[in-house]
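# Structural characterization, general
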Amino acid sequence: MVARRFQVRHDGSDYEVDYDTDDGLEVFRYQLFSLTAIPPDEQRIVADGDDRVVSEDSDLAAVAGKLRLVSIDEEGERAADQRAGGSSSAELLKSDEELARLLQAEEEALLLQQFVVHDNSAHMEKRLRPYIAQVRGYEDPRAQEAARKTVPVDELEEKALLSLAKVGNFKPSKSEQDHAFLIQLLYWFKRSFSWVNAPPCEGCGGETVGQGMGRPLPSELLHGGSRVEIYCCTRCSRITRFPRYNDPVKLLETRRGRCGEWANCFTLYCRALGYETRLVLDLNDHVWTECFSVHLGRWMHLDPCEGVYDEPLLYEKGWNKQMNYAFGIAKDGIYDVTKRYTRKWHEVLTRRNLITETSLSAVLAKLTKECRRSFTSQVLSALEDREKREMEAMREISCSRRCLGIFTGRQSGDKEWRISRSEIGPDDNGSLSCSSCPVRVCFDEHVTKIYDAFSPILSLLADNSVAKLRALKVFETFRELLEKTRKSPFKTRRVSLDSASIGTPPFVHQLLPSFSELLDALSLKCEHVDGKIDISLAGDPVKASLALPVVLDALDDMIHNLRQSDHFGSDVLSFPLLKSNRIHSGSVLASGEELPLGIATAAFDGTRETKWEEPNGGRGKMTLSMRVVGFFFHLAL
């Protein structure tokens, strides 16, 4: 029995829909779905005029007159726009019309796919299965142990904690530490692994040119090297083999290859160090990694070849890559993560012509079920909940038109090779940039404290008429001692030096108290025991790691200036190092800064090396257009 007839407006069209009280709201939704092709679970029905959301049968029964149908994504976009700054009605209308066109294009692409795409389930399954076996190999305890042995864990942990300390976070949570460590692992891997365009000659080290493919040797097949490239030296004509090893443990040894080898080895490292990890396969010939960041509460993109993380639009926006299928392969299943890497889902759908979406979902569900066969019900429930949230987030991302980044083309690989793949991007300047650089907090009060702490040392030497050569010896020896301290393990720093190398014991006893303020600024302490000088930690080891490069640069400047002077006395105390005031502890904003790390704060960190640093490891004069925001002036007493 028909209880009521409603007029529903959607995308500029009016529909008349009957509401049957016997069947309820869900049937009403499916009636709308048959007219609009918006899935019921993605619909929002609102009363036209007062925007009341219709969510229950009673709501629908109480509404009279017209209804308006919007998608969840459309509603979320509109709310986000309003939160972002109160867009005008005209802007909202334009945004709604644009979204409607995208949804219409998506609907048409899906409809067309039903007619032009054959059911290639068996072919897709055959293509994906080998990667499941590859990912399972990352769970091998022996492989993980071999990987961990090659990682300088203490060094990366120190760098991770320093990256947090530089913005004032000296007590990070476990998730913040893990997130920062993962980023440092990525950077270390980028430096330690080598990209191979054409391998150098094994005989003379000269350049080689490709000669095609060769037959793999038994020793190469043992490590998954079924594909072997052959190269000939242009100098001595010797043949060099380049097996494309698929065994990540072997890659720990060779440490070279192209994107397949890079992602394969790096993904093993991530698993070995405890991160939930996926190997991401782009069927357009690229591979990278995803890790779940507890700190971010989501999966994060990492490309070891490029040394880039959390930039999923790098390929579509920077490389001009025509995305079609991207699969995240993990020990718990295979996921279609394509939507994370595109803002043009309606266009991507037109290129997904290997298998229908329905058949693809069935293939992935089958393979995932096999991967989870031995999982407990609790683990399965947790995975399903997280997968649902991920799918919802990716759907929102694919419908979003926002893209703040300015992405460049591919950086890894020979330029001609990149051009041949159309992945070089709009320019080739070798750097990444972003048009929306944040204001950065500069935590650098320790620099001023270090500068000020030199004053009592210099005054003591001058007041006691210490000869220039002896003063030089003092600073050079002290620098040597601090350099050894810097190179010692950061959590247990301790070095010893025989006091006789500085001078007579009475002079050493006279000098040591004057260094107490400087050592305190370094979170260190000095003890003179049994004729030796011991320097060890006296406070936070991260603060010592932050301060030691500063004092070493300061000592270099002081030693250089002292060598240039004729003598050492009170008239020589006007070193450039000892300026009486200095900006510190504020915020800085820089244009043209590389994100996410950036180099804006380098202008205030007190170290010389970073003043000559460019993005992506380049060296040269730092060119930043900077403006300082909210800085406080510190006047030394």
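Residues numbered from 1 in each chain as written. Predicted model: local features only at pLDDT ≥ 70, side-chain atom pairs only at ≥ 80, totals over all residues. Heavy atoms only, no water.

An unreviewed UniProt entry annotates the protein chain as Transglutaminase-like domain-containing protein originating from Eucalyptus grandis.

Turning next to unusual backbone geometry. One non-glycine residue with positive phi stands out, namely aspartate 310, at about 55°. Along the chain, the position of aspartate 310 falls in the loop between strand S14 (308-309) and helix H12 (314-318). Judged by its relative accessible area of 27%, aspartate 310 falls in the partly exposed class. Look at asparagine 320: it is not a glycine, yet its phi comes out positive at around 60°. (Helix = DSSP H or I, 4+ residues; strand = E, 2+ residues; numbered from the N terminus. Buried < 20%, exposed > 50% of the residue type's maximum accessible area, 1.4 Å probe, protein only.)

With 54 residues, the main nonpolar core has Leu185, Tyr269 and Phe327 as its most contacted residues. Beyond its immediate chain neighbours, meaning those up to four positions away, leucine 185 contacts Val151, Leu156, Phe266, Tyr269, Cys270 and Leu273. Of all hydrophobic cores here, the second largest spans 37 residues; its members include Phe478, Leu518, Leu519 and Ala521. (Core = buried A, V, L, I, M, F, W, Y, C linked by side-chain atoms within 4.5 Å. Contact = heavy atoms within 4.5 Å.)

The next point concerns the pairing of strand S15 (residues 326-330). The buried fraction of S15 amounts to 5 of the 5 residues, a majority that puts the element mostly inside the structure. Taken together, the 4 bridges between strand S11 (residues 277-282) and S15 define a ladder with antiparallel strand orientation. Bridged to valine 280 within S15 is glycine 328. Where S15 lies against strand S16 (residues 333-336), 4 bridges are found, and the strand directions are antiparallel. Opposite phenylalanine 327, over in S16, you have aspartate 336 as the bridge partner. (Pairing = 2+ DSSP bridges.)

Now for the pattern of salt bridges. In total, this model carries 32 salt bridges according to the counting rule given. Taken together, the shared-partner salt bridges connect Arg479, Glu483, Arg486, Lys487 and Asp556 into one network. (Salt bridge = Lys/Arg side-chain N within 4 Å of Asp/Glu carboxyl O.)

A few words on helix H8 (residues 174-192). Given a rise of 1.5 Å per residue, 19 residues ought to cover 27 Å, and the 26 Å separating the end C-alpha atoms of H8 matches this to within 8%. Along H8, the residues classified as buried are His179, Ala180, Phe181, Leu182, Ile183, Gln184, Leu185, Leu186, Tyr187, Trp188 and Phe189. Those residues of H8 that are buried lie in contact with helix H7 (153-165), helix H11 (259-272), strand S12 (286-293), strand S13 (298-303) and S14. (Expected span 1.5 Å × (residues − 1).)

Inspection of every chain in the model, using the stated rule, returns 14 aromatic pairs. Ring plane angle 20° and centroid distance 4.3 Å describe the contact between tryptophan 288 and tyrosine 315, whose orientation is recorded as stacked. Highlighted residues: tryptophan 288 in strand S12 and tyrosine 315 in helix H12, separated in sequence by 27 residues. When sorted by exposure, tryptophan 288 lands in the same class as tyrosine 315, which is buried. Judged by centre distance (5.5 Å) and plane angle (75°), the ring pair of phenylalanine 292 and tryptophan 299 falls under edge-to-face. Across this residue pair, the class does not change: phenylalanine 292 and tryptophan 299 are buried. Directly above the aromatic system of tyrosine 335 lies the positively charged group of arginine 278, at a separation of 4.0 Å from the ring centroid. Taking the ring centre of phenylalanine 170 as reference, the NZ or CZ of lysine 543 above it sits at 5.4 Å. (Phe/Tyr/Trp six-rings, centres within 6.5 Å; stacked < 30°, edge-to-face > 60°. Lys NZ or Arg CZ within 6 Å of the ring centre and 35° of its normal.)

Relative to the helices and strands, glycine 206 resides in the loop between strand S6 (194-195) and strand S7 (208-214). Through-space distance from the C-alpha of glycine 206 to that of arginine 235 is 6.2 Å; in sequence the pair is 29 residues apart. Discounting residues that sit within four places of it in the chain, glycine 206 has contacts with Pro200, Cys201, Cys233 and Arg235.

Between H7 and H8, the shortest axis-to-axis distance is 8 Å and the interhelical angle comes to 120°. Relative to H8, the element H7 lies oblique. Considering the relative orientation of H7 and H8, their crossing is right-handed. Between H7 and H8, the residues in contact are Val153, Glu155, Leu156, Glu157, Lys159, Ala160, Leu161, Ser163 and Leu164 and Glu176, Gln177, Ala180, Phe181, Gln184, Leu185, Trp188 and Arg191, respectively. Grouping the amino acids of the contact of H7 with H8 by side-chain chemistry returns 9 nonpolar, 3 polar and 5 charged. (Axes fitted to C-alpha atoms, helices over the stretch in contact; angles between N-to-C directions. Parallel < 35°, antiparallel > 145°, perpendicular 65-115°, else oblique. Left-handed = near helix turned anticlockwise from the far one by under 90°. Nonpolar A, V, L, I, M, F, W, Y, C, P; charged D, E, K, R; others polar.)

For the rest of this paragraph, the subject is the sheet that holds S16. Here we have 6 strands laid out as an open sheet, ordered S14-S13-S12-S11-S15-S16, and antiparallel in their pairing. The strands lining the two open edges of the sheet, one partner per strand, are S14 and S16. Set on the sheet, H8 makes contact with S12, S13 and S14; between it and S13 the angle comes to about 20°. The strands touched by helix H14 (residues 357-371) within the sheet are S15 and S16, with S16 carrying the most contacts at an inclination of about 150°.

Right, let's talk about the sheet that holds strand S8 (residues 228-233) for a bit. Ordered in space as S7-S8-S9, the 3 strands form an open sheet in which the pairing is antiparallel. With partners counted over all chains shown, the strands left at the sheet margins are S7 and strand S9 (239-243), one partner each. Neighbouring strand axes in the sheet, compared pairwise and without regard to direction, differ in orientation by 30° on average. For S7 and S8, the ladder comprises 5 bridges, and the chain directions are antiparallel. Within the sheet, the bridge partner assigned to methionine 213 lies in S8 and is glutamate 229.

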